[in-house]
Amino acid sequence: MEKHDLLFKEPIARWDEALPLGNGLTGCLLWGDGAPLRFSLDRGDLWDLRLAPEVLDERFTYAELIDCVRRGDQEELQARFDSSYERYPYPTKLPAGRLELRMEQPADQVVSRLALREACAHVDLSFGSRTMQVSSFLHAENGLGYMRIAGEAGMSGKLAVVPPDYTGIHEEGGDHDVFNTSLTRLGFPAATLHEEGGLCWFHQKTLLELEYAIIVGERESAEGERLVVYAIAANHDGEAWLEEAKRKVKAALAEGYDGALRDHAAWWKLYWDKSSISLPDEEAEGMWLLTNYLLASCSRKGAPPMPLQGVWTADEGKLPPWKGDYHNDLNTQLSYWHYMKANRLEEGESFIDFLWELRPAARAFAQSFYDAPGINLPSVMTLKGGAMCGWPMYSLSITNHIWLCQAFDHYWLYTGDRTFLREKAYIYFKESAECVLRWLTPGEDGKLRLPVSSSPEFHDNRLAAWLDPMSNYDVALLMYLFRRLADMAERLELHEECNRWSAVLTQLPELAVNERDVLMVNPEESLTESHRHFSHMMAVYPLQLLDPRNSERDKKVVGASIYNLEVLGKGQWVGFSFAWAAAMYAQQGNGEAAIYHLQQMWRYLCSPNGFHLNGDFRNAGVTMFHYRPFTLESNFAAISALQDMLLHADGGTLRVFPAIPAEWAEREVAFRDFRGEMGIVISARMCAGQLEYVELRAERAGAFRLQNDFSGERLHLHRDGKTEVVVCGRNEIADIPLEAGESCTVTLMK
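These numbers were taken from a predicted model, which means no experiment stands behind them. (Residues numbered from 1 in each chain as written. Predicted model: local features only at pLDDT ≥ 70, side-chain atom pairs only at ≥ 80, totals over all residues. Heavy atoms only, no water.)

Asker: Help me out: how do you make sense of the sheet that holds strand β27 (residues 702–707) in this one?
Answerer: Within a sheet, each strand pairs with its neighbour through backbone hydrogen bonds, oriented either parallel or antiparallel. Read from one edge of the open sheet, four strands run β22-β23-β27-β30, paired in mixed fashion. Of all the strands in the sheet, the pair left with one neighbour each is β22 (647–648) and β30 (733–738). Strand direction decides the pairing type here: strand β23 (residues 653–656) and β27, joined by two bridges, are parallel. Within β27, the position partnered with Thr-653 by the bridge is Arg-705. (Pairing = 2+ DSSP bridges. Helix = DSSP H or I, 4+ residues; strand = E, 2+ residues; numbered from the N terminus.)

Here it is, written out as structure tokens:
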């Protein structure tokens, strides 16, 4: 057992505390006491895609929304753009079903372990003097699930395949909120159960074209062990999808467990080799490892990107929290903050590919809802980009889509791939701008403005949430959009287009700052109470429009705005608030505050298995929210902040260990193969307060800027067996030219 493996010495009683397995498309949660031992299964593309009637109504338009806002007609706003989210159970993510290993009685003792590096779960069950061992994994490449069950005579248990309960009794008019909606409200027919040729399965039909099944086969080895193989198949897979899945299960049974495990473990070894960290803080190091495990488990190139719960849909007979949807007012964006620096490109490309492939849907939505050219995606949407409604100031915000654009910007900046810049990033930004420009018009002051504005999620779903003048959230996103467009166009030598975007930028209003130098919600309102969403501070992070390193004014505003959060307190924070605050502290260079906020989230708002549960479900007094709806975005945002403590790579300047706590600095800290901008890969090590080395490896030729944040005024550059000395005082920057494929090790002269 490795030190960061998950280990539980009591039975796991809840699905959101289970051992999570995943291969990007399918997921499994392993939990229970043996009566039964549950394998709660999921697949990322199982959705009920029916749209609410309101979304299909010809009056479902931005123009109608604007009219309702200007008339102050809250009743009509909710009826037309909001209430269908709770009125109808669809559209929604669907659970796949469950396997159950059923013993005659609960085990006297259950020890469960998740081996992170091999992505394999192990459960030891004791029944008096008799024992049983279950090992299981979801194959990283062939998509199948495997179990090996070993036990004394009579201890093998009965395996059952259990479909979701779509046909039970529910009370009409009962509790239908997004946390308590029964699966039975979907109205699906009961699954049919089948057995044939040593296999058993259920076949589930829905009310649209989707059909799916869980197919299970098993055999006994010469040593008396049971091998179980299962597949989660759907008619997305091809015309003969069910027969093909049966064939794959039978073939895998014949090939056996050990060879499949070797191939699976080999994939994971290559994954772990991409980067690593070494910290004196075991909790932080373990959470980095666990979260990167979760990334590869629920986000894989060729599969859908993670929605709110990744590939682990709730197993409670209800819809998943918030219907397991794609929330684009924060959640999807935060989920893909960290992967670039962690050097997990292929796993994160799932999100980029998804957004790119949804351009036809985004174009159709821009036309039908916004009456505009270009592209725009709903902020609460289905797997196929369909609008799901909800609070309209956020679910139908025209600017939230700009935050999605940042995924393309990050990918271009970190890889330095000019082909990607030209053929995808710039196009995505430009098409997004075309939609927004349709609705930007000059106000009385001559500055461009949107007809309605908001700032997620201030004033919740009240009329007061519609802001006038325009919010800092909207202004910051518009500034970011046109600033990045101008920069991209300049790099691509599109001079006329560069001038066009620059001209729009000059017509935008300034960010609103109050007399205390604090960023406001909008020019008429400052934040006066604790709030979970820092949308008014987008310019600080993640857009980083304000640069405290180059501007005293920016430094003052950033510092005052962060201090204002401290004054207002954490009473109304949720998990992502702590992760976002940690990211801002890391950018500020305040490692003590950054790690404190990460610790608060990990210890009080995360399940024992690491899943982020949004609220202070332990009732520790950390926040006022004491619920536990599972979502993943905060796990990834927290690790992004942790990585920012180890490496700043924004703005083209590299800074190693810019925000680590003093205790770490006096011990030993290292990271290997983190990614910086323009295709540079960085490793560094610090011991007893002294920088030991920084290693740079260039994937593309360029001059890379390294800031000296350490004592010593000369740097040693070691490459090609030669050493050169660069004079570089503290806080000064050394330019280090490298050819593609060239490496350089930097040390400080003693």
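Having seen it, we continue.
Asker: Sorry if this is basic, but what is going on with unusual backbone geometry here?
Answerer: Across residues other than glycine, the phi torsion is negative in most instances, and most of the peptide bonds are trans. Each neighbour pair has its own omega, and for Pro-456 with Glu-457 the value is -10°, a cis peptide bond. For Glu-457, the position within the fold is in the loop between β21 (448–449) and α14 (472–491). Here Tyr-541 and Pro-542 are connected by a cis peptide whose omega angle stands at 15°. The backbone phi angle of Lys-323 is positive, close to 60°, even though this residue is not glycine. Given the relative accessible area of 3%, Lys-323 is considered buried. In this structure, Ala-688 takes a positive phi of about 50° despite not being glycine. By secondary structure assignment, the location of Ala-688 is in the loop between β25 (680–687) and β26 (690–698). (Buried < 20%, exposed > 50% of the residue type's maximum accessible area, 1.4 Å probe, protein only.)

Asker: How should I be thinking about the environment of Tyr-627 in this particular structure?
Answerer: Take Tyr-627: it is sitting in the loop between α18 (591–604) and α19 (633–646). With a relative accessible area of 29%, Tyr-627 lands in the partly exposed category. Separated by 212 residues in sequence, Tyr-627 and Thr-415 have C-alpha atoms that sit 40 Å apart. Contacts of Tyr-627, omitting those with residues within four sequence positions, involve Phe-179, Trp-322, Val-574, Leu-613, Asn-614, Gly-615, Asp-616 and Phe-617. (Contact = heavy atoms within 4.5 Å.)

Asker: I would appreciate a short explanation of the sheet that holds strand β4 (residues 37–43) in the present structure.
Answerer: What the five strands build is an open sheet, ordered β2-β3-β4-β7-β12; its pairing is antiparallel. Of all the strands in the sheet, the pair left with one neighbour each is β2 (19–22) and β12 (158–162). Between one strand axis and the next, the sheet turns through 20° on average, direction left out of account. Sheet topology note: the strand β7 (residues 97–102)/β12 ladder contains five bridges and is antiparallel. What sits directly across from Arg-98, in β12, is Val-162. Against the sheet, helix α7 (residues 282–298) touches β2 and β3 (26–32), its axis set at about 45° to β2. (Axes fitted to C-alpha atoms, helices over the stretch in contact; angles between N-to-C directions.)

Asker: Explain the pairing of strand β15 (residues 211–220) here, please?
Answerer: A regular strand places its side chains so that they alternate between the two faces of the sheet. Relative to β15, strand β14 (residues 199–205) is paired through seven bridges, and the arrangement is antiparallel. Across the sheet, the residue bridging to Phe-202 is Ile-214, located in β15. Connecting β14 to the next strand, β15, in antiparallel fashion are five residues. One ladder, built from nine bridges, connects β15 with strand β16 (residues 226–234); its direction is antiparallel. The residue bridging Tyr-212 from the neighbouring strand is Ala-234, located in β16. As consecutive antiparallel partners, β15 and β16 are separated by five residues, and within that stretch Gly-224 has a phi angle of approximately 90°, a positive value.

Asker: Help me out: how do you make sense of the pattern of salt bridges in this one?
Answerer: The full count for this structure, using the stated rule, is 57 salt bridges. Between Glu-349 and Lys-301 there is a salt bridge, with the nearest N and O atoms lying 3.1 Å from each other. Taken together, the positions of Glu-349 in helix α9 (residues 345–357) and Lys-301 in the loop between α7 and β18 (326–327) put the pair 48 residues apart, joining distant regions of the chain. Via salt bridges that share partners, Arg-14, Asp-16, Glu-17, Glu-316 and Arg-628 belong to a single interconnected network. (Salt bridge = Lys/Arg side-chain N within 4 Å of Asp/Glu carboxyl O.)

Asker: Sorry if this is basic, but what is going on with the side chain of His-401 here?
Answerer: Counting through the fold element by element, His-401 comes out in helix α12 (residues 400–415). Here the side chain of His-401 touches Leu-377 through a polar contact of 3.1 Å, landing on its backbone nitrogen. Among residues more than four places away in sequence, those in contact with His-401 are Ile-375, Asn-376, Leu-377, Tyr-428 and Ser-432. (Polar contact = N/O pair within 3.5 Å; in protein donor to acceptor, adjacent residues only side chain to side chain.)

Asker: In this structure, what is going on with the packing of aromatic side chains? I would like to understand it.
Answerer: Any aromatic ring pair is given by two values, namely how distant the centres are and how the planes are angled relative to each other. Taken as a whole and assessed by the stated rule, the structure comprises 43 aromatic pairs. A centroid spacing of 5.0 Å and a plane angle of 85° characterise the contact between Tyr-62 and Trp-439, whose relative ring orientation is edge-to-face. One end of the pair, Tyr-62, is in helix α2 (residues 62–71); the other, Trp-439, is in the loop between α13 (418–437) and β20 (441–442), and 377 residues separate them in sequence. Pairing Trp-288 with Phe-674 gives two aromatic rings, centres 6.4 Å apart and planes at 25°, and the pair type is stacked. Of this pair, Trp-288 sits in helix α7 while Phe-674 sits in strand β24 (residues 668–675), and the two are 386 residues apart along the sequence. The two residues Trp-288 and Phe-674 agree in class, both being buried. Grouped by ring-pair contacts, the aromatic residues Phe-60, Tyr-62, Phe-81, Phe-365, Phe-369, Tyr-370 and Trp-439 constitute a single cluster. Across from the ring centre of Tyr-85, 4.5 Å away, lies the NZ or CZ of Lys-323, which sits over that ring. (Phe/Tyr/Trp six-rings, centres within 6.5 Å; stacked < 30°, edge-to-face > 60°. Lys NZ or Arg CZ within 6 Å of the ring centre and 35° of its normal.)

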